[in-house]
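Here's the letter readout for the chains.
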Amino acid sequence: MKYWLFKSEPDEFSIDDLAAKAKQTEHWDGVRNYQARNFMRDEMRVKDRAFFYHSNCKEPGIVGTMRIARTAYPDHTAFDPNDKHFDPKSDADAPRWFMVDVKFEKKFKRVITLQELKTSSEGELKGFPLVRRGNRLSVMPVSREHWQFILSLL
DNA sequence: GCCAACGTTGGC
DNA sequence: GCCAACGTTGGC
């Protein structure tokens, strides 16, 4: 089993939004970065675990956990000219972008802030992309050791 | 294939 | 709202 982290701007889609969905499950659309896509398309498996990270907000940080509920399939929002994430180079015959389904698991009682995580960037979390300066990956792998260390902060 | 220009991300 | 860092685009 693998571990992941997904970023989302809470103004767009928060962990509470996910928890409020039918079956507490939603597709993770809008990823338009090749590295992130490859993780989703090639490596994610049902039941893999993932952190939900709130970005671009007052208190950026990890707010809870999810499970992968469905392996990758084409991101239909790329086909829709009216969608914010429309990509004319992607169509149903040759989809360029993919998404997985995620299922809400747990919301933490407190946010594990980016600031807090950064204090371990040269220690327990060395090599974790999230705490690397200038990191822009919206979907990234988390090692088993990093996953467990982060949970131990709660 | 290089690299400057541009657009986007995301912390602050 | 600013701006540094990064990915993508396109001219050459």
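Remember, it's a predicted structure, so these values are computed and weren't measured experimentally.

Definitions and limits used
Residues numbered from 1 in each chain as written. Chains lettered and ligands numbered in written order. Predicted model: local features only at pLDDT ≥ 70, side-chain atom pairs only at ≥ 80, totals over all residues. Heavy atoms only, no water. Helix = DSSP H or I, 4+ residues; strand = E, 2+ residues; numbered from the N terminus. Buried < 20%, exposed > 50% of the residue type's maximum accessible area, 1.4 Å probe, protein only. Polar contact = N/O pair within 3.5 Å; in protein donor to acceptor, adjacent residues only side chain to side chain.

Q: Explanation requested: unusual backbone geometry in the structure shown.
A: Phi is mostly negative for residues that are not glycine, and the peptide bonds are mostly trans. One non-glycine residue, Lys 23, lies in the positive phi region at around 60°. As for its placement among the helices and strands, Lys 23 is situated in the loop between helix H1 (15–20) and strand S2 (25–27). The residue Lys 47 is not glycine, and still its phi comes out positive at about 85°. When you line up the elements, Lys 47 lands in the loop between helix H2 (34–43) and strand S3 (49–54). Classification of Lys 47 by relative accessible area gives exposed; the value is 58%.

Q: Help me understand the environment of Thr 119 in this model?
A: Topologically, Thr 119 is positioned in the loop between helix H3 (114–118) and strand S6 (139–142). Relative accessible area serves as the criterion here: at 67%, Thr 119 is assigned to the exposed category. For Thr 119, the side chain forms a polar contact with the main-chain oxygen of Glu 116, separated by 2.6 Å.

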